[in-house]
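Chains, contacts and geometry: an overview
Residues per chain, in single letters:
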Amino acid sequence: LPPEQFHQTTQTVTIEGDDAHHLARVMRAEVGDKVICSNGIDREVLVRLTELDKGCVTAEIVEELSMDAEAAVQVWIAQSLPKGDKMETIIQKGTEIGAARFLPFLSERTIVQYDAKKEAKRTERWQKIAKEAAEQAHRNRVPQVESVYTWKQLMQRAKEADIAWICYEKEDGQQLKPAIQQAQAAGQLTAGKQVLIAVGPEGGFTEQEIAQAEAAGFRSVSLGARILRTETAAMVGLTCLFYETGE
Ligand code: SAM
C-alpha cells in the first residue's frame, strides 16, 4: 500500500482506494480473513479484516512481521525505452528478481516515439505494474519507476550510483562476472550500495554513447558472447549480480 493509504493506529489498519476494491470485489475477501499489509517501505503486518466496504476496508493488527525479502545491494535498471509493451515486462520481471529502481531513458537509437503528453499516465501505469509485481513477489518495498530521462540526464544521474555498468555487446575486455567480483573485492557491493545497470535499445548503443558513458564514470561490460534482446539483457545483468552477491 502506498503510505497515504496506510493509516494506522497501533491496533488497526484502514485500506482504501484500489487496494480496498481489489480485496473486497476482486478477491472477495470476507470479515475474519487474514491478509498481510505492507506500507511499501518498512513495515509489514498480519491483519484480520473487520469490515469490508467497496471504498474502505478496516482490519485489526494480529502480528508485526519481520520478513525481509529485499536485496542488500540496490540495483537500478536504466533501460533505453524499448518498443511495444517490453518496458512493462522489464519492470514486472525486474521487480520480481529484486531491482530497486527503474530509470527509463532515451538514447540515439531509441525507436519508440516519445510523447511527453502521455508521459505521466505511462509512468503511473508502470508504477502500478511495479507495485503488483512487488506484492506478488512478497517484497517489502515497491521499486520506484522514474520519469523518462534524456541521455544527458542519465549521465548526470549515474554519478549518484556507487557503480554504473553499461551493457555493451561489442565489449570484449570486460565480462560482467569479473566486474562483479572486482567490485565485491573492493567492498563496493555491500548493503545499501547503489549499482546502476544500463541497457540499450533494440538497435544498441552507438560507439559515441559508450565513450560518453565511460567519460561519465560508467564501465562497459559484456553479458557474454550471445546478443540478447533488450528486454533480456537487464534480467541477465540483475540475476548475475544477485547470484554473485548471494541474494
Ligand atoms: N543491435 C545490436 C546488434 O544487433 O548487435 C544489439 C542490441 S541488443 C538487442 C540491445 C541491448 O542489450 C544492447 O544495447 C546492450 O545494452 C544489451 N545487450 C545485449 N546483448 C548483450 C551482450 N552480449 N553483452 C552486453 N550487452 C548486451
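Residues numbered from 1 in each chain as written. Predicted model: local features only at pLDDT ≥ 70, side-chain atom pairs only at ≥ 80, totals over all residues. Heavy atoms only, no water.

**A look at the layout of surface pockets**
The calculated volume of the second largest pocket comes to roughly 600 Å³. In terms of lining residues, the second largest pocket is bounded by 22 residues, among which Val-35, Ile-36, Cys-37, Ser-38 and Glu-135 are the most central. When contributions to the lining of the second largest pocket are tallied by element, the ones reaching two or more residues are helix H1 (17–26), strand E3 (34–38) and helix H3 (119–136). By residue number, the principal contributor to the lining of the second largest pocket is E3, which donates 4 residues. Across the lining of the second largest pocket, the residue classes break down as 11 nonpolar, 5 polar and 6 charged. Looking at which domains feed residues into the lining of the second largest pocket, each of domain 1 (3–65) and domain 2 (74–245) supplies at least three. (1 Å grid on protein atoms, 1.4 Å probe; cavity = no way out; pocket = protein on both sides within 12 Å on 5 of 7 lines; lining within 4 Å. Points joined across faces, edges and corners; volume = space filled by probe spheres on them. Helix = DSSP H or I, 4+ residues; strand = E, 2+ residues; numbered from the N terminus. Nonpolar A, V, L, I, M, F, W, Y, C, P; charged D, E, K, R; others polar. Domains from an automatic or database assignment.)

**Some thoughts on the pairing of strand E10 (residues 194–199)**
Of all 6 residues that make up E10, 5 are buried, and the element is covered over most of its length. One ladder, built from 6 bridges, connects strand E6 (residues 74–80) with E10; its direction is parallel. The residue bridging Trp-76 from the neighbouring strand is Leu-196, located in E10. As defined by bridge partners, strand E9 (residues 163–167) adjoins E10 across 4 bridges and the pair is classed as parallel. (Buried < 20%, exposed > 50% of the residue type's maximum accessible area, 1.4 Å probe, protein only. Pairing = 2+ DSSP bridges.)

**Digging into the site of the ligand**
Taken together, 19 residues are adjacent to the ligand, and Cys-167, Leu-223, Gly-224, Arg-226 and Leu-228 come closest. One of the backbone N or O atoms of Tyr-168 is found 3.4 Å from a nitrogen atom in the ligand. Within the backbone of Gly-203, one N or O atom sits 3.3 Å away from a nitrogen atom of the ligand. Within the complex, 83% of the 580 Å² of free accessible area of the ligand lies under protein. (Near = heavy atom within 4 Å. Polar contact = N/O pair within 3.5 Å; in protein donor to acceptor, adjacent residues only side chain to side chain. Areas by Shrake-Rupley, 256 points an atom, 1.4 Å probe, with all protein chains shown as cover.)

**Here's the deal with the packing of helix H2 (residues 86–97) against H3**
Any two packed helices are characterised by how steeply their axes cross, that is the angle between the axes, and by the distance between the axes. In the contact formed by H2 and H3, the axes pass within 8 Å of each other and the chain directions differ by 30°. When the axis of H2 is compared with that of H3, the two are roughly parallel. The way H2 lies across H3 gives a crossing that is right-handed. Where H2 approaches H3, its residues Met-87, Glu-88, Ile-91, Gln-92, Thr-95 and Glu-96 are matched on the opposing element by Arg-125, Trp-126, Ile-129, Ala-130, Ala-133, Ala-134 and Gln-136. (Axes fitted to C-alpha atoms, helices over the stretch in contact; angles between N-to-C directions. Parallel < 35°, antiparallel > 145°, perpendicular 65-115°, else oblique. Left-handed = near helix turned anticlockwise from the far one by under 90°. Contact = heavy atoms within 4.5 Å.)

**What to know about the domain arrangement of the protein**
Domain parsing of the protein yields domain 1 (3–65) and domain 2 (74–245). For domain 1 and domain 2, the distance between their C-alpha centres works out to 33 Å. Taken together, the contact between domain 1 and domain 2 spans 6 residues of the former and 6 residues of the latter. Between domain 1 and domain 2, the buried area comes to about 430 Å², and carbon and sulfur atoms account for 32% of it. A salt bridge links Asp-19 to Lys-131; its shortest N-O distance comes to 2.7 Å. Taken together, the links from domain 1 to domain 2 amount to 3 residue pairs in polar contact (both at pLDDT 80 or more). (Buried area = accessible area lost by both parts, 1.4 Å probe. Salt bridge = Lys/Arg side-chain N within 4 Å of Asp/Glu carboxyl O.)

**Focus: the pattern of salt bridges**
Evaluated as defined, the whole model comprises 15 salt bridges. Note that Glu-88 is salt-bridged to Arg-125, the shortest N-O span being 3.0 Å. Of this pair, Glu-88 sits in helix H2 while Arg-125 sits in helix H3, placing them 37 residues apart in sequence. When its relative accessible area of 22% is taken as the criterion, Glu-88 is described as partly exposed. Taking relative accessible area as the criterion, Arg-125 reaches 45% and is therefore assigned partly exposed. Across the pair Asp-115 and Lys-118 runs a salt bridge whose closest N-O atoms are separated by 3.9 Å.

**Describing the nonpolar core**
Ranked by internal contacts, the top residues of the largest apolar core, which has 33 residues, are Ile-77 and Trp-165. Counting residues per element, the ones that place at least two in this core are E6, H2, H3, E9, helix H5 (176–185), E10 and helix H7 (230–245). Broken down by element, the residue count for this core peaks at 6 residues, all from H7. Those residues within four positions of Trp-165 in sequence are excluded, and the remaining contacts are Leu-176, Ala-179, Ile-180, Ala-183, Val-195, Leu-196, Ile-197, Ala-198, Phe-218, Arg-219, Val-221 and Leu-241. Counting 20 residues, the second largest nonpolar core, distinct from the first, contains Ala-161, Ile-166, Leu-196 and Ala-216. (Core = buried A, V, L, I, M, F, W, Y, C linked by side-chain atoms within 4.5 Å.)

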